[in-house]
Amino acid sequence: MRTPKWDYSHHVVPPLTSSATFRLSSSQRGARGFFEFACDRVDTTRQVPIYIYDRLDEPTRGMLEENLAAAEQGEIGVCFSTGMAAISASIASLTRNGDQVVAHNTLYGCTYSLMTNWLPRQGVNTRFVDMRNPKEIAKAISARTRIVYFETPVNPNLELIDIGAVREIVDRANHGRSELEKIHIVVDNTFATPFCQRPLTLGAHIVVHSLTKGIGGFGTDMGGVVIGPKSLHNVLFMYRKDFGGVLSPKAAWNVLVYGLPSLAARMANMQKSAGYIANWLDEHPKVHKVLYPGLNSFPQQELAERQMVDYRGKFAPGSMIYFTLREKGGANQAAEKFINYVADKAYCITLAVSLGQVKTLIENPYSMTHSAYLAVDANKAKKNGHGSCETNRVEPGGIRLSIGLEDRDDIIADLEAGLAHA
Ligand SMILES: *Cc1c(COP(=O)(O)O)cnc(C)c1O
């Protein structure tokens, strides 16, 4: 289709591209396109790529990748179909059979499942340690370690890991290692979003995100991204081409046009409500403990203030809250009663997994998002003949609350009614 109507460079909002394949004006252009794809000799960040096929590269996703890299102050970004596709790509493209990952002992449930169920089949094993004490990382690193992996804040319990302190340990371990043997620090920044924290500026080598959460922001699309140094661009592009978990341009367009440009405005408002609601919960007689990095009672307050800052350098504790109730009966009974009441009767809080959306969402990680811990531990207990294993630090009565854009008093009215029935 030849037409004079194309005028890409004058759009304010980029067109939504939707072309699985691209017209090649000659076989030479096709050959050059394939040669230049993920080629070390070609700098595609400085010239227009020859587009061939959506799975390889395409412009809407490419624009989003540039914007996401800039938001995280990284060199390049590569987008995937989901957060898990991005996480698995970041690990698989840096490891081979026999290599080892060192990870924090509490992670998003599917990441934990990936590390315990699937990576071992490829000969990649994970050691789980408590990274709140970075010395534990130094002890766990071996000659075969290639990745130090963690979330901060941790999903779901909002523990923080000191990224700078981890970097010091990894720099020492990397001393004298060849390029191929170097350990990379991979940080899942989904909970904070780049508005609250830029891990690459604090010492991480690679940042991963679920775009489904805070960056996408509206809960309409799934996606993931790996952001890091230019040197990883081509291996991630090759990996994505062959494993195939590419972000669709239609999903990329939503994140590019709605999600990312509204991130700061959404986060600033959600964070303001979260601080207010966390304080309210902290004073409620039926609430046992509240974990929110902006509370004075937060156990890692000094680290929170040092590490979680917005683009202006202001403290940015985010929009996620974790809390437990005073339990009379079993370990999860009051939490379940409370959540069930909210699920049935609340005006603005929804019982659902996911987070970082404009809608306030509540869930019970122990039996939902982090149930992979239950399954793996049940297997281990069967094998070893004893109970819960030391990696399971996801407690039964925990409640995860993702604050949205509703009026904070409406959210509190829902919580108050729920607590009255817990
Ligand atoms: C949701 C989530 C993921 C996975 O993202 P998907 O887009 O659902 O695949 C990874 N890490 C964290 C911290 C998450 O909350």
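Scroll up to find the structure this text is about.
Below: a short report on this structure.

The rules behind these values
All chains use their own residue numbering, which begins from 1 and follows the written sequence. Given that this is a predicted model, residues contribute local features only at a pLDDT of at least 70 and side-chain atom pairs are listed and counted only at 80 or more, while totals for whole chains, interfaces and linings are drawn from all residues. As a convention, hydrogens and water are excluded, and side-chain values are obtained from all of the structure's heavy atoms. To qualify as a helix, a DSSP run of H or I must reach at least 4 residues; to qualify as a strand, a run of E must reach at least 2; elements of each kind are numbered from the N terminus. As defined in this context, the radius of gyration uses C-alpha atoms, and a globule is described by 2.2 Å times the residue total to the power 0.38. Categorising residues by exposure relies on relative accessible area from a 1.4 Å probe, with only protein chains included: less than 20% of the type maximum marks a residue as buried, more than 50% marks it as exposed, and the intermediate range marks it as partly exposed. Working rule for contacts: check all heavy atoms of both residues, and any pair within 4.5 Å makes them a contact. Here, Shrake-Rupley sampling with a 1.4 Å probe gives the accessible areas, and only protein chains in the shown set may cover a residue. For the charge count, each Lys or Arg is scored as positive and each Asp or Glu as negative, with His and the chain ends excluded. Every charge is mapped to an atom, namely NZ of Lys, CZ of Arg, CG of Asp or CD of Glu. Put simply, a salt bridge is a Lys or Arg side-chain nitrogen that is within 4 Å of an Asp or Glu carboxyl oxygen.

Right, let's get into the overall build of the chain. Along the backbone of the chain there are 14 helices and 12 strands. Relative to the 2.2 N^0.38 estimate, which gives 22 Å for 422 residues, the radius of gyration of the chain is 22 Å and therefore close to what a compact globule would have. With respect to the principal axes defined by its C-alpha atoms, the chain has extents near 75 × 50 × 40 Å. Every one of the 422 residues in the chain was classed for burial, and the buried ones make up 55%. Here the contacts in the chain between residues at least 6 apart in sequence split such that 74% fall between residues at least 24 apart. About 19200 Å² of surface is accessible on the chain, with carbon and sulfur atoms providing 52% of the total. Averaging the positions of the 45 positive and the 42 negative side-chain charges in the chain gives two centres separated by 5 Å.

The residue Ser210 is located in strand E6 (residues 206-210) in this model. Beyond its immediate sequence surroundings of up to four residues, Ser210 is in contact with Gly83, Thr190, Gly223 and Gly224.

A word on the pattern of salt bridges. Should the charged atoms of two oppositely charged side chains come close, the side chains can pair. Tallying each qualifying case throughout the model produces 16 salt bridges. Between Glu65 and Arg240 there is a salt bridge; the shortest N-O distance is 2.9 Å. Of this pair, Glu65 sits in helix H2 (residues 59-71) while Arg240 is found in helix H9 (residues 233-243), placing the two residues 175 residues apart along the sequence. Note on Arg240: relative accessible area 0%, which makes it buried.

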